[in-house]
Amino acid sequence: MPEAPLTLSDDGSFDENNKKLLEFFEDITTNADEVQKKVLNEILSRNVGVEYLQRHGLNGNTDYENFKNILPVVTYEDIKPDIDRIVDGDRSSILCSQPISEFLTSSGTSGGERKLMPTVEEELGRRSLLYSLLMPVMDQFVSDLQKGKGMYFLFIKSEAKTPGGLLARPVLTSYYKSSYFKRRPYDPYTNYTSPNETILCLDSYQSMYSQMLCGLYQNTQVLRVGAVFASGFIRAIHFLEKHWQLLCDDIRTGTLNSQITDPLVREAVMKILKPNPKLAEFIEIECSKESWKGIIPRLWPNTKYVDVIVTGTMSQYIPTLNYYGNDLPLVCTMYASSECYFGINLNPLCKPCEVAYTLIPTMGFFEFLPVAREDEGPEKSKPYDKNDLVDLVDVKFGHEYELVVTTYAGLYRYRVGDILKVAGFKNKAPQFHFVCRKNVALSIDSDKTDEVELHDAVVKASTHLLPFEASLTEYTSYADTSTIPGHYVLYWEINKRSDETLIPTLVFEDCCLTIEESLNSVYRQCRVSDKSIGPLKIKVVENGTFDKIMDYAISNGASINQYKAPRCVKYAPIIELLNSRVVSSYFSPNYPKWVPGQKQWGSS
């Protein structure tokens, strides 16, 4: 298998290093089929004696065809008993011959809690390889990026320890706290305005404040700005709207606000910060203007692009980013998850709707399950089995697939849940549009709420109506991102036995909070700790509203026999219809309960 070059060439040359990395990428995509089979053989050879493979009858065989014929395609629920054994401290070779170093917590949910993805130490190096490819790609489209810095708002989240003593934390928290990040060699892509100490501060206010302060202070050095998700970057701009006066005071005097109490953060920021009254005055003038349109290029005048994920559910933030960025290019660079890092965007300046990721054949072994589309007729709706899976190089242009991955860390033919559409090819390696996360109904930030979870929460909350001889007739929902932070909105149509019955405001507020309490831990963390989601809102609509929605759908071609009320709406005319019939609105009055870690082990 081709070996990836080191992050910098021996002479430290930026151009030479980029060239070597691009040659490596050209090699592995040209020989994608061969590389993939070598990856699978390597994974199976390393793990030949593990319990999982033995249990399923592989019996030490590392042959490609046997793997395809014997091993089942699985979901998280299928492997959860094995995961739970490792969580509880079983150190035998259950899934992987290498020791499981920690668990990466997925933003997907299982029984209301995060999924726990096993990982091994060497995966950090594999992730670092993907990061090292990003700058060589960007350098082909945007010149001189090595001559400045990136202002990225990066954060760690809380972590827990399993009963067996392993850490469980989000994948980016794992990466930022690793030596690969903290002691990284100079790389223009990871040359940030934020000192490591500000990124590694767990207090979200102190971290955001100090990162924004450092970014403003170095404003002319900033060539690119970003965060992981679009929602995170918009939250940073909103933070600036609320706190720019305090930030200007610090820049003017060269001091750091007393609210920043973390000693490591204070020390790191004060190495950068010196009195600069002229800069403070410039920022004050810009932030005092009535319109914040174009505030990004106004405050950071050398910015060439905004680097955030705007695919999938994050596409809802594109208009807001265009407003603040004055239509600066929106760049999506990479595609990754807790299960595996997958690929990169080779055309980073394309429109958000055209973003396609080239899967990197060395990251894991990839297979693809054809997706049955509801609009393709009953003959297309049969359930698929493992015999329908196709390899990386055999996918067809324009077709949609669910991604299935086999990893070095002990996942075998695991259904990731991402739906991808083949957009083209880089040599023999396919390029994919990210279509959606399977079954996700609502998402604001890193949260993902599916229809089943939402329905169960709504049913539980609606019991508050029973003492008032009222019941929930119908409901739908949408993710409202017109406010910062965004929030879930639920439309309820209620049947009351008597029009004279009054339901107190407190009852509907209890309904809001009950729903939030019933949603998964990722949602609750975003509400409580990250403050990246606002209070849930219930809007009660007039009786007959959902009949009107059905009439609208049928008038636009829906079948009356197959029509069912949507549990989530995104189509603007439907939202307008719902809002035109709202009779009362209620917000959740408090934060839902949340502590780090899984329910069964509590906080660390």
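Residue indices begin from 1 for each chain and proceed along its sequence in written order. Residues qualify for local features only when their pLDDT is at least 70, as the model is predicted, and side-chain atom pairs are given and counted only at 80 or more; totals for whole chains, interfaces and linings, by contrast, use all residues. Heavy atoms from the whole structure form the basis of all side-chain values; hydrogens and water molecules are not counted.

Asks: Can you walk me through the overall build of the chain in this structure?
Replies: Secondary structure elements follow DSSP: runs of H or I of four or more residues count as helices, runs of E of two or more count as strands, with numbering from the N terminus. In terms of regular secondary structure, the chain is built from 20 helices and 22 strands. For 604 residues, the compact-globule estimate of 2.2 N^0.38 gives 25 Å, and the C-alpha radius of gyration of the chain, at 25 Å, lies within 12% of that figure. Counting only C-alpha atoms, the chain reaches 80 × 70 × 50 Å along its principal axes. Exposure is judged per residue with a 1.4 Å probe applied to protein chains only, and the accessible area is read against the type maximum: over 50% gives exposed, under 20% gives buried, and values in between give partly exposed. Across the 604 residues of the chain, 53% fall into the buried class. Working rule for contacts: check all heavy atoms of both residues, and any pair within 4.5 Å makes them a contact. Look at the contacts in the chain between residues 6 or more apart in sequence, and 69% of them connect residues 24 or more apart. As presented, the chain carries roughly 25,400 Å² of accessible surface, and 50% of it is formed by carbon and sulfur atoms. In summary, the charge assignment counts Lys and Arg as positive and Asp and Glu as negative, without counting His or the chain termini. Every charge is mapped onto a representative atom, which is NZ of Lys, CZ of Arg, CG of Asp or CD of Glu. When the 64 basic and 77 acidic side-chain charges of the chain are each reduced to a single mean position, those positions are 2 Å apart. Just to be clear, the radius of gyration here is over C-alpha atoms, and the globule rule we use is 2.2 Å times residues to the power 0.38. For the accessible areas, the method is Shrake-Rupley and the probe is 1.4 Å, while residue cover comes only from the protein chains on display.

Asks: Can you walk me through the packing of helix 11 (residues 230–253) against helix 13 (residues 277–288) in this structure?
Replies: In a packed pair of helices, the relevant descriptors are the angle between the two axes and the axis-to-axis distance. Orientation of helix 11 relative to helix 13, taken along the N-to-C sense of each, is 165 degrees, at an axis distance of 8 Å. When the interaxial angle is binned, helix 11 and helix 13 end up roughly antiparallel. At the point where helix 11 passes helix 13, the crossing takes the left-handed sense. Residues Trp 244, Cys 248, Ile 251 and Arg 252 of helix 11 form the contact with helix 13, whose participating residues are Pro 277, Leu 279, Ala 280, Ile 283, Glu 284, Cys 287 and Ser 288. Residues belonging to the contact of helix 11 with helix 13 are distributed by class as follows: eight nonpolar, one polar and two charged. Here an axis means a line fitted to C-alpha atoms, over the contact stretch when the element is a helix, while the angle between two N-to-C directions is reported on a 0 to 180 degree scale. Note on angle classes: values under 35 degrees are labelled roughly parallel, values over 145 roughly antiparallel, values of 65 to 115 roughly perpendicular, and the remainder oblique. A clockwise turn of the near helix away from the far one marks a right-handed crossing, whereas an anticlockwise turn of less than a right angle marks a left-handed crossing. When residues are sorted by character, Ala, Val, Leu, Ile, Met, Phe, Trp, Tyr, Cys and Pro go into the nonpolar class, Asp, Glu, Lys and Arg into the charged class, and all the rest, Gly among them, into the polar class.

Asks: How do you make sense of the sheet that holds strand 14 (residues 400–406) when you look at a structure like this?
Replies: Each strand in a sheet pairs with its neighbour through backbone hydrogen bonds, running either in the same direction (parallel) or in the opposite one (antiparallel). Reading across from one edge, 9-10-11-16-15-14-12-13 is the order of the eight strands in this open sheet, with antiparallel pairing throughout. On the outer flanks of this sheet lie strand 9 (334–336) and strand 13 (390–391), each paired with one strand and no other. Running at roughly 110 degrees to strand 12 (residues 365–370), helix 2 (residues 32–46) makes contact with strand 12, strand 14 and strand 16 (429–437) of the sheet. A pair of strands counts as paired when DSSP detects no fewer than two bridges linking them.

Asks: Would you mind going over the pattern of salt bridges with me for this structure?
Replies: Note on pairing: side chains with opposite charge can pair once their charged atoms come close. One side-chain nitrogen of Lys or Arg within 4 Å of one carboxyl oxygen of Asp or Glu is enough to make a salt bridge. Under the definition given, this model contains 30 salt bridges. As a salt-bridge pair, Glu 26 and Lys 426 come within 3.0 Å of each other at their nearest N and O atoms. Of this pair, Glu 26 sits in helix 1 (residues 14–30) while Lys 426 sits in strand 15 (residues 414–426), and the two are 400 residues apart along the sequence. What you see here is one network of salt bridges that share partners, running through Glu 42, Arg 46, Glu 122, Glu 123 and Arg 126.

Asks: I'm lost on the nonpolar core in this one. Help?
Replies: As used here, the term nonpolar core means buried Ala, Val, Leu, Ile, Met, Phe, Trp, Tyr and Cys residues forming a set that is joined through side-chain atoms within 4.5 Å. Within the largest apolar cluster, 169 residues are counted, with the highest numbers of intra-cluster contacts made by Phe 233, Ile 296, Ile 344, Phe 366, Phe 368, Trp 492 and Ile 515. When residues in this core are grouped by element, the largest group, eleven residues, is from helix 11. Once you skip the residues sitting within four places of it in the chain, Ile 296 turns out to touch Val 225, Phe 233, Ile 237, Thr 303, Val 306, Tyr 324, Gly 325 and Leu 328. One finds Val 489, Val 569, Ile 574 and Ile 575 within the second-largest nonpolar core, a separate group that totals eleven residues.

Asks: I tried to follow the sheet that holds strand 8 (residues 330–331) on my own but got confused; where do I start?
Replies: The strand order across the open sheet built from four strands is 3-6-7-8, with neighbouring strands paired in parallel fashion. The sheet is open, and its two edges are formed by strand 3 (149–153) and strand 8, each paired on a single side. Pairing of strand 7 (residues 305–309) with strand 8 involves two bridges; the strand directions are parallel. Counted as the bridge partner of Asp 307 is Val 331 from strand 8.

Asks: Teacher, can you tell me more about helix 11 here?
Replies: Every α-helix carries 3.6 residues per turn, so stepping three or four residues along brings you back to the same face. Multiplying 1.5 Å by the residue count of a helix minus one yields the expected span of that helix. For helix 11, which comprises 24 residues, the first-to-last C-alpha distance of 32 Å matches the rise-based estimate of 34 Å (1.5 Å per residue) to within 8%. Within helix 11, the axis deviates most sharply at His 243, by approximately 75 degrees. Positive phi shows up at Gly 254, right after helix 11, with a value of about 70 degrees. To obtain the bend at a residue, axes are fitted to the seven residues ending there and to the seven starting there, and the angle between these axes is taken.

Asks: Is there a simple way to explain the side chain of Thr 481 in this structure?
Replies: Considering the arrangement of structural elements, one finds Thr 481 in the loop between strand 19 (470–480) and strand 20 (487–496). Judged by relative accessible area, which is 15%, Thr 481 ranks as buried. The residues touching Thr 481, leaving out its near neighbours within four places in the chain, are Gln 316, Tyr 317, Ile 444 and Gly 486.

Asks: Honestly, unusual backbone geometry in this entry has me stumped. Any pointers?
Replies: Most peptide bonds adopt trans geometry, and most residues besides glycine take a negative phi value. Following Ile 484, the chain continues to Pro 485 via a peptide bond in cis, the omega torsion being 0 degrees. Looking at the secondary structure, you find Pro 485 in the loop between strand 19 and strand 20. Residues other than glycine seldom take positive phi values, yet Arg 413 does so here, at roughly 55 degrees. Mapped onto the elements of the fold, Arg 413 is located in the loop between strand 14 and strand 15. Its relative accessible area of 0% is what places Arg 413 among the buried residues.

Asks: So what exactly am I meant to see when it comes to the packing of aromatic side chains here?
Replies: For any pair of aromatic rings, the description rests on two quantities: the centre-to-centre distance and the angle between the ring planes. Any two rings among Phe, Tyr and Trp, with Trp reduced to its six-membered ring, count as a pair given centres within 6.5 Å; such a pair is stacked if its planes are under 30 degrees apart, edge-to-face if over 60, and tilted if neither. Enumeration according to the criterion identifies 24 aromatic pairs in this entry. Geometrically, the ring pair formed by Tyr 335 and Phe 434 is edge-to-face, given 6.1 Å between the ring centres and 65 degrees between the ring planes. Taken together, the residues span a long stretch of sequence, with Tyr 335 in strand 9 and Phe 434 in strand 16 at a distance of 99 residues. Comparing Tyr 335 with Phe 434, the two get one shared label, buried. Between Phe 508 and Tyr 586 the ring centres are 4.5 Å apart and the planes differ by 15 degrees, which places this aromatic pair in the stacked class. Of the two residues, Phe 508 is situated in helix 17 (residues 505–518) and Tyr 586 in strand 22 (residues 582–587); the sequence distance between them amounts to 78 residues. Comparing Phe 508 with Tyr 586 shows no difference in burial state: the two are buried. An aromatic cluster is present here, built from Tyr 131, Tyr 152, Tyr 175, Tyr 176, Phe 181, Tyr 192 and Tyr 341 joined pairwise through their rings. We note Lys 531 situated over the ring of Tyr 591; from NZ or CZ to the ring centre the distance is 5.2 Å. For a ring to carry a charge above it, either NZ of a lysine or CZ of an arginine must fall within 6 Å of the ring centroid while also lying within 35 degrees of the normal to the ring plane. A cation over an aromatic ring shows up here: Arg 567 above the ring of Tyr 475, its NZ or CZ 4.2 Å from the ring centre.

Asks: Explain the confidence of the model for the chain to me, please; I cannot follow it from the model alone.
Replies: Low pLDDT means the predicted atomic positions in that stretch should not be read closely. The pLDDT score gives, residue by residue, the confidence of the prediction method on a 0 to 100 scale. Residues with a pLDDT of 70 or more make up 91% of the chain, whose mean pLDDT is 85. Counting contacts from residues 6–11, a segment whose pLDDT is below 50, to residues more than four positions away or on other chains yields nine contacts. Note on residues 374–381: pLDDT under 50 across the span, and three contacts to partners over four residues away in sequence or across chains.

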